[in-house]
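Secondary and tertiary structure notes
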Amino acid sequence: MTPATSPGTSSTALSVNLNKVALVRNTRHLGIPSVVRAATLCLEAGAQGITIHPRPDERHVRLGDVFELGELMRSWPDREFNIEGNPLHNLMNVAREVKAKGLPLHQLTFVPDSEGQFTSDHGWSFPQDEEKLRTLIAQGQALGARVSLFMDADAVAMSAARAVGADRVELYTEPYAAAWQQPSERALQLDRFRAAAQAAAAVGLGVNAGHDLNRENLAAFLRQVPGVREVSIGHALIADALEMGYSATVRAYRMVMDEAQAGSHASLAEAG
Ligand SMILES: CC(=O)[C@@H](O)[C@H](O)COP(=O)(O)O
Ligand SMILES: NCC(=O)COP(=O)(O)O
């Protein structure tokens, strides 16, 4: 299937989280809005990946969605499928079933959520989580997936994340998003995230980011935080899509990302 839109020029990938499409779908027994159709339109518009978080209570993404999206991703070999969850709960069984069906699985993002948690609101803790994570990371990698750890923007913790074998970290960006309206607090948060990203890169970790990113706060984050490989965005992007449609929304986010990338290059050039 030839994508209608190339994935853009930014070095940061956009992975669209479809949790909230599934949430609306689950409020009736009609199968609409379709999660697979949402994924197709987002990929055709240039999203580099699809993210889902199949929580144990199946409040939104269900196991059937995982397999249907995996089947879809077969037709998009240049795009990524990222499954998030707590590896101490259902995530590893989900991952094993995906692989047993021969479906693509590019990245597992380990998130330390409790089973009934309202939403993700913190990263892993070291050294408390060290030993259990080491084994689970190896199991995820043995399934052929890159493993990313959902982490608070704490530069000191990055070496520990690397030491347990993670390939990447996903920086939990809600504190940055919450600070967006206060310029001084926003600057402090960007300093935190910049330091965390630099510390992660220094120990060989790839850097992803996500949670409460949106069209307003995304560009500044990408300009100020170096080397972000992937942003996974769901809640705000799907809210935008309710107004603009999936295709126009993904193109708008990609434009923000491409312009941020160009802006960061320009500022580097200006800096000489
Ligand atoms: C890990 C994270 O920050 C989000 O990807 C998470 O998927 C949000 O979960 P809800 O969509 O259930 O709030
Ligand atoms: N990992 C973050 C994600 O997938 C989506 O988070 P949000 O944009 O729904 O807050």
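Residues numbered from 1 in each chain as written. Chains lettered and ligands numbered in written order. Predicted model: local features only at pLDDT ≥ 70, side-chain atom pairs only at ≥ 80, totals over all residues. Heavy atoms only, no water.

Let's shift gears to the site of ligand 1. In the vicinity of ligand 1, the residues found are Asn17, Asn19, Lys20, His53, Arg55, His60, Glu84, Val111, Thr119, Ser120, Phe150 and His211. Contact distances for ligand 1 include 3.2 Å between an oxygen atom and a side-chain N or O atom of Lys20. Within the side chain of His53, one N or O atom sits 3.0 Å away from an oxygen atom of ligand 1. Out of a free accessible area of 360 Å², ligand 1 has 91% covered by protein chains. Counted by class, the shell around ligand 1 contains 2 nonpolar, 7 polar and 3 charged residues. (Near = heavy atom within 4 Å. Polar contact = N/O pair within 3.5 Å; in protein donor to acceptor, adjacent residues only side chain to side chain. Areas by Shrake-Rupley, 256 points an atom, 1.4 Å probe, with all protein chains shown as cover. Nonpolar A, V, L, I, M, F, W, Y, C, P; charged D, E, K, R; others polar.)

Our next topic: helix H8 (residues 183–202). Taking 1.5 Å per residue as the helical rise, H8 with its 20 residues ought to reach 28 Å, and the 28 Å between its terminal C-alpha atoms agrees with that figure. Where H8 is concerned, the buried positions are Gln189, Leu190, Phe193, Ala196, Ala197 and Ala200. Buried residues along H8 cover an arc of 130 degrees about the axis, so they all sit on one side. Away from the buried face of H8 by more than 90 degrees, exposed residues Ser184, Leu188 and Ala202 are located. Just past H8, the residue Gly204 takes up positive phi, approximately 90 degrees. (Helix = DSSP H or I, 4+ residues; strand = E, 2+ residues; numbered from the N terminus. Expected span 1.5 Å × (residues − 1). Buried < 20%, exposed > 50% of the residue type's maximum accessible area, 1.4 Å probe, protein only. Arc of directions from axis to C-beta.)

Once that is clear, we can look at the environment of Asn17. Along the chain, Asn17 falls in strand S1 (residues 13–17). Looking at Asn17, the relative accessible area reads 10%, which means it is buried. Spatially, the C-alpha atom of Asn17 lies 22 Å from that of Ala179, the residues being 162 residues apart in sequence. With sequence-adjacent residues up to four places away left out, Asn17 is seen in contact with Thr51, Glu84, Ile233, Gly234 and Ile238. (Contact = heavy atoms within 4.5 Å.)

Time to look at the UniProt feature "binding site: 3-amino-2-oxopropyl phosphate" (unreviewed entry) in the protein. Here the UniProt-annotated "binding site: 3-amino-2-oxopropyl phosphate" (unreviewed entry) positions come out as Asn17, Arg28, Asp212, Gly234 and His235. In terms of the greatest pairwise C-alpha distance, the residues named above, spread along 219 residues, do not form a single cluster, extending to 26.4 Å across. Relative to the helices and strands, Arg28 resides in the loop between helix H1 (19–25) and helix H2 (35–44). Looking at where Asp212 falls in the secondary structure, it is placed in the loop between strand S7 (206–210) and helix H9 (218–224). The exposure class assigned to Asp212 is partly exposed, which follows from its relative accessible area of 38%. (UniProt positions renumbered as here; feature names shortened; annotations may be inferred.)

Side-chain pairs of opposite charge can arise where the charged atoms are in close proximity. One pass over the structure, following the stated rule, counts 12 salt bridges. The residue Arg25 makes a salt bridge to Asp65 at a minimum N-O spacing of 2.7 Å. Placement of Arg25 in helix H1 and of Asp65 in helix H3 (residues 63–73) is noted, with a sequence separation of 40 residues between them. With respect to burial, Arg25 and Asp65 carry one shared label: buried. Overlapping salt bridges, with partners in common, bring together Glu130, Glu131 and Arg134 in one network. (Salt bridge = Lys/Arg side-chain N within 4 Å of Asp/Glu carboxyl O.)

A separate point is the site of ligand 2. Ligand 2 sits among Asn17, Thr51, Glu84, Glu170, Gly210, His211, Asp212, Ser232, Ile233, Gly234 and His235. Contacts to ligand 2 include Glu84, whose side-chain N or O atom sits 2.7 Å from a nitrogen atom. Burial of ligand 2 by the surrounding chains reaches 92%, relative to a free accessible area of 310 Å². Here the residues of the shell around ligand 2 sort into 1 nonpolar, 7 polar and 3 charged.

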